[in-house]
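Single-letter residue listing:
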Amino acid sequence: VCHPTLSVNGNTLYFSSNMPGSEGMDLYRVDKAGKVWGSPKKLGSAINGLGNEIFPYLYKDSLLFFSSDRPGSTGGLDLYYSVLSDSIWSIAEPLPYPVNSSFDDIGFLLDDITQQAYFSSNRPGGKGKDDIYRLESQSPMFKKRVKEKVNWISCSFSLIDKLSFIPVNNARIVIDEI
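### A short note on the pairing of strand 13 (residues 131–136)
Judged by how many residues are buried, strand 13 sits mostly within the fold: five of six residues are covered. Alignment of strand 12 (residues 116–121) against strand 13, held across six bridges, turns out to be antiparallel. When the bridges of strand 13 are listed, Phe119 appears paired with Tyr133.

### A few points about the environment of Gly34
By the element assignment, Gly34 lies in the loop between strand 3 (26–33) and strand 4 (36–37). Linking Gly34 and Asn11, residues 23 residues apart in sequence, is a C-alpha distance of 8.6 Å.

### Remarks on the side chain of Arg134
Topologically, Arg134 is positioned in strand 13. Side chain to side chain, Arg134 and Glu136 meet in a polar contact 2.9 Å long.

### Section: the packing of aromatic side chains
Taken as a whole and judged by the stated rule, the model has seven aromatic pairs. A centroid spacing of 5.9 Å and a plane angle of 15 degrees characterise the contact between Phe66 and Tyr80, whose relative ring orientation is stacked. Taken as a pair, Phe66 in strand 7 (residues 63–68) and Tyr80 in strand 8 (residues 78–85) lie far apart in primary sequence, 14 residues in all. Looking at Phe66, the relative accessible area reads 0%, which means it is buried. Judged by relative accessible area, which is 5%, Tyr80 ranks as buried. With centroids separated by 5.7 Å and ring planes inclined at 20 degrees, the aromatic side chains of Phe119 and Tyr133 adopt a geometry described as stacked. One end of the pair, Phe119, is in strand 12; the other, Tyr133, is in strand 13, with 14 residues separating them in the sequence. An identical accessibility class is assigned to Phe119 and Tyr133; each is buried.

### Section: the pairing of strand 3
Taken together, the six bridges between strand 2 (residues 12–17) and strand 3 define a ladder with antiparallel strand orientation. Bridged to Tyr14 within strand 3 is Arg29. Of the strand pairs in this sheet, strand 3 and strand 5 (residues 41–42) are connected by two bridges, and their pairing is antiparallel. Note on strand 5: the bridge partner recorded for Arg29 is Lys41.

Rules behind the numbers
- Residues numbered from 1 in each chain as written.
- Predicted model: local features only at pLDDT ≥ 70, side-chain atom pairs only at ≥ 80, totals over all residues.
- Heavy atoms only, no water.
- Buried < 20%, exposed > 50% of the residue type's maximum accessible area, 1.4 Å probe, protein only.
- Helix = DSSP H or I, 4+ residues; strand = E, 2+ residues; numbered from the N terminus.
- Pairing = 2+ DSSP bridges.
- Polar contact = N/O pair within 3.5 Å; in protein donor to acceptor, adjacent residues only side chain to side chain.
- Phe/Tyr/Trp six-rings, centres within 6.5 Å; stacked < 30°, edge-to-face > 60°.

Here's what the structure looks like:
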């Protein structure tokens with residue numbers, strides 16, 4: 001059991017686990033009533049695929065980001081998202097290039113107040129094995145459509161030192177079109 005993320009009110013916990021009934025690592029939800037946590041419930045097939053689902057991050061109780069190595073991914077672990085609408089999670093979709101690469105892309109965090117998002121990746125050009133990348137945007141990074149998916153707006157990258165979290169001077173990040 002690993003990678004917990006809480007709802008805004010602290011009464012719903014999402015996490016990754018390989019507990020009995022899992023196919024590898026799957027994402028689960030458990031609700032709290034009063035001071036007592038209920039039984040974990042495996043999220044449905046809209047989220048859990050034929051690979052490992054790890055590093056969930058719940059954003060504003062309606063957007064779930066996570067990493068998966070499911071078939072059809074760009075390569076390694078890719079970042080996916082699902083939108084909660086009327087208590088139903090949409091079918092998970094990969095985040096667009098250049099966020100996802102042919103390497104492992106994990107641990108997505110979003111802050112719409114600062115118009116920044118962070119994630120980790122072991123793609124070439126970093127300072128270590130897994131580096132933290134920052135996305136910035138002048139406008140909201142996404143607009144939520146009712147019962148639909150997320151529209152992504154253009155953003156820029158900055159390379160951050162994984163130990164000090166200080167931007168790396170003179171870093172060169174190349175983004176190629178597919």
